[in-house]
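Remarks on the overall topology
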Amino acid sequence: MSLPQPPSPPRKPFRIEQLGRVREDAYHWMKDDNWQTVLRDPSKIRADVKAALDLENAYSAAVLAGTQELQKQIFEEMKGRIKEDDASTPAKDGPWEYYSRYESGAQHPILARRPYIARAFTDPIPPVEATPADEQILLDEAKRAEGHDYFETSAAQHSPDHRLFAWGEDTQGSEYYTVYVRDLETGDILPDPIEACEGGFCFSPDSQWIFWTWRDENSRPAKIYRRPARGGADALVYTEEDEGFFLHVGVLSSEAFIAIGTGNHETSETWLIPADRPESAPVRVAAREDGVQYDIDHWSDRFVIRTNADGAVDFKLMLSEASHPTRDTWRDLVPHRPGIYLTGFDLSARHMIRIERENANTRIVVTRKADMDEHVIAVDEEVYSLGGGGGYEYDSPILRYAYTSPTTPAQTFDYDMETRQRALRKTQIIPSGHNPADYVARRLYATAPDGAQVPVSVLMKAETPLDGSAPLLLYGYGSYGMPMDPGFSIRSLSLVNRGWVYAIAHVRGGTEKGYGWFLEGRKFKKENTFRDFIACAETLCEAGYSRPGRMVAYGGSAGGMLMGAVANMRADLWAGVIGAVPFVDVLNTMSDASLPLTPPEWPEWGNPLEDEKAYDYIASYSPYDNITKQSYPPVLATGGLSDTRVTYWEPMKWIAKLREASTSDAPMLLKINMEAGHGGASGRFDFLKEIAFDYAFAIWAQDRQRGG
């Protein structure tokens, strides 16, 4: 079947001179100069840009028109793996248990609570019924979402006295939230909501105040305000003067302090406010020091600090018994161990847990405060994901944690940290059926060009042959120290059940093998990320999992940059490439200090406005700037018009330039969601439709490569 004629957006010469260097950008015009307004109100998009986006969306739909039934089938498969009336495991807080639940067919959940009835640890938690008589609905997100194409909430929480409930709403995808407060005694939403919130806020422990983060006109969290919880004037608490630092606010575990955290990707600082004096000025813990990160929590009579100070690349825990924990009072608690990344910790009155990652797997270590005795929560599988954290109640020995693996649906456990008893509270139900024995999960290691051993997690049907005949989707990210944990996915099964191999490349830039693994894939070592991904693809082929031209590469956001890079470097490997909200115009974005993420991102990528070395290095790999005349495979780029993180013009420009340069007849497709931001569609089912579109493209591209 012949393909429709692709759009041919005009080239408009645009010359950029920077640090004595010159570059041309013929598609610079795709960036609306009024972008700040567009992110808040997409209807303000410039007419010629909107017309071009509409053409691109129509072309992508036409090219993939033959996959519509496949998209529907994949969507229904994924939807069939969701228990539509699912509910979370209720979590106790004083006289109440809080939980979320869905009604069948609903895109968004209901947040609710019910009275707590005392029971033994080994007793099962009564299930959440569809409409329990003693339930109090706190927020019906489905009702609030009515009339909105996009709807997302943030930081939904009850006040410590259980009398108020607050949540943030974003109806554009721009991540500007309006925070509403409900009086739980009357059910009324109080007047005077908070506007232009970044999404983060907290109640003070006395329930009298809300501390919240203000997002400025350039979409940066810049100030912390305090206002009466039931409405009133906002008081400025803290202003961050460094436009490269982000802000957040929260309450420490003991509820004795409110904490303001500020930092970028390599430096941080914390300020404390005594909870019994919430109107007092914040006091700094330790002054920011370039390259030093720390976060702090309060353990009743002492402070615990997680930090990379003193060269602790993979972080360590320190302790301060001072009333104010200045840097000179810190002493080692859990020393630094190279290669074991201490990702975080959580405190309860009598126990501490810490999360450690080694060789792309996680473990939970429990420490008893009375004697500092510690033990590890055991797991059985080779490839898995484990996560835990504090509940509502500080004075409780119960830890709730989740366990999953690529073959095993998520399980939620309560764990008594004192007696070491474990109680299974919930197993993820797959209504359409799932037998873990039908699948195989494996861990491989690829050797990068410099000898680094790169982990690869693989999921496949047990009967899938290892003769190179299977199609394979290789997923990667590799930035900001974010690990890609190998958990159970209702989505990947739609490929695996069709005979595909689903693989995750744990490339440098993530923290799967420690914080040093991240440092080896950032800034002037960024190309390690790309080479690692290619090495993973080659290793998978050598081991018979697939072969060149049978693989589809998939990544989103900064993982989309990885996609752009490996498409340029090894176009021959891929049957197709999918870049979801792809950060591909790295040099131009890092050279525009007005963009929301640019100053905070300079520690990650370098500052090409001031540093010639950074300019030249970014220019050497930036996907948009390194497109060449070669035979590219089909590429799909997706984005959101309201995206404040990866702006819509990045995938738009990338596809236009790829289409111009490619010597093949492979389609270059752009799909922009005109009503969403960085996370795509907000409803749980609408989001699956976007994934189904991506997977249908992958299958189409692979079939096209085979001549099907």
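One structure accompanies this document, and this report is about it. Not measured: the values here are computed from a predicted model.

Here the focus is the nonpolar core. In summary, soluble globular proteins display a tendency toward joint burial of nonpolar side chains. Of all hydrophobic cores here, the largest spans 79 residues; its most connected members are Leu53, Val458, Leu474, Phe533, Leu540 and Trp574. For this core, the element with the highest residue contribution is helix H7 (residues 527–542), accounting for eight residues. Sequence-distant contacts of Leu53, defined by excluding residues within four places in its chain, comprise Leu641, Tyr648, Met652, Leu670, Ile672 and Met674. Residues Tyr59, Met484, Ile504 and Ala575 belong to the second largest nonpolar core, which totals 43 residues.

Closest axis-to-axis distance for the helix H2 (residues 47–63)/helix H12 (residues 649–661) pair is 12 Å, and the angle between their directions is 65°. Taken as a pair, H2 and H12 cross one another with a handedness that is left-handed. Listed contacts from H12 to Val49, Ala52, Leu53, Glu56 and Tyr59 of H2 are Met652, Ile655 and Arg659. In terms of residue class, the contact of H2 with H12 is built from six nonpolar, no polar and two charged.

Turning our eyes to something else, we now look at the environment of Ile618. Counting through the fold element by element, Ile618 comes out in helix H11 (residues 612–621). Along the primary structure Ile618 and Pro397 are separated by 221 residues, whereas in three dimensions their C-alpha atoms are 49 Å apart. Once residues lying within four places of it in the same chain are set aside, the contact partners of Ile618 are Val586, Leu587, Met590, Trp605, Gly606 and Pro608.

One pass over the full model with this rule turns up 61 salt bridges. Two residues, Arg368 and Glu418, come together in a salt bridge whose shortest N-O distance is 3.1 Å. One end of the pair, Arg368, is in strand S24 (residues 361–368); the other, Glu418, is in the loop between strand S28 (411–416) and strand S29 (422–427), and 50 residues separate them in sequence. Classification of Arg368 as partly exposed rests on a relative accessible area of 25%.

Here we take up the packing of aromatic side chains. Following the criterion strictly, the structure yields 25 aromatic pairs and no others. Measuring from centroid to centroid gives 5.4 Å for Tyr238 and Trp271, while their planes differ by 55°, and the two rings are tilted. You can see Tyr238 sitting in strand S13 (residues 235–239) and its partner Trp271 sitting in strand S16 (residues 268–274), a full 33 residues away along the chain. For the pair Tyr238 and Trp271, a shared accessibility class is recorded, and that class is buried. Site record: aromatic cluster; members linked through ring pairs are Phe315, Tyr341, Tyr515 and Phe518. Just above the ring of Trp209 sits the side chain of Arg226; from NZ or CZ to the centre is 5.0 Å. Here Arg306 stacks its cationic end above the ring of Phe315, 4.1 Å away from the centre of that ring.

On to the sheet that holds strand S22 (residues 341–347), then. The four strands lie next to each other as S22-S23-S24-S25, forming an open sheet whose pairing is antiparallel. Looking at which strands have only one partner, the edges of the open sheet turn out to be S22 and strand S25 (374–376). Neighbouring strand axes in the sheet, compared pairwise and without regard to direction, differ in orientation by 25° on average. By the bridge criterion, eight bridges tie strand S23 (residues 351–358) to S24 in an arrangement that is antiparallel. Residue pairing in the sheet places Ile353 in a bridge with Val366 of S24.

Before going further, it helps to examine the pairing of strand S1 (residues 15–18). Alternating positions in S1 separate cleanly, Ile16 and Gln18 being buried on one face and Arg15 and Glu17 remaining unburied on the opposite face. When S1 meets strand S2 (residues 21–24), the two strands line up antiparallel, connected through four bridges. By the bridge assignment for S2, Glu17 is matched with Val22. The hairpin turn running from S1 into S2, its antiparallel successor, is two residues long, and Leu19 in that turn takes a positive phi close to 55°.

With that settled, consider the side chain of Lys461. Its place among the elements puts Lys461 in strand S31 (residues 453–461). Filtering out sequence-adjacent residues up to four positions away, Lys461 remains in contact with Asp438, Tyr439, Val496 and Asn497.

Turning next to H11. When we look at burial in H11, the residues that qualify are Ala614, Tyr615, Tyr617, Ile618 and Tyr621. The opening residue of H11, the one whose side-chain oxygen lies 2.9 Å from the backbone nitrogen of Lys613, is Asp611.

Conventions we followed
- Residues numbered from 1 in each chain as written.
- Predicted model: local features only at pLDDT ≥ 70, side-chain atom pairs only at ≥ 80, totals over all residues.
- Heavy atoms only, no water.
- Core = buried A, V, L, I, M, F, W, Y, C linked by side-chain atoms within 4.5 Å.
- Buried < 20%, exposed > 50% of the residue type's maximum accessible area, 1.4 Å probe, protein only.
- Helix = DSSP H or I, 4+ residues; strand = E, 2+ residues; numbered from the N terminus.
- Contact = heavy atoms within 4.5 Å.
- Axes fitted to C-alpha atoms, helices over the stretch in contact; angles between N-to-C directions.
- Left-handed = near helix turned anticlockwise from the far one by under 90°.
- Nonpolar A, V, L, I, M, F, W, Y, C, P; charged D, E, K, R; others polar.
- Salt bridge = Lys/Arg side-chain N within 4 Å of Asp/Glu carboxyl O.
- Phe/Tyr/Trp six-rings, centres within 6.5 Å; stacked < 30°, edge-to-face > 60°.
- Lys NZ or Arg CZ within 6 Å of the ring centre and 35° of its normal.
- Pairing = 2+ DSSP bridges.
- Polar contact = N/O pair within 3.5 Å; in protein donor to acceptor, adjacent residues only side chain to side chain.

None of the figures reported here should be taken as evidence of function without further support.
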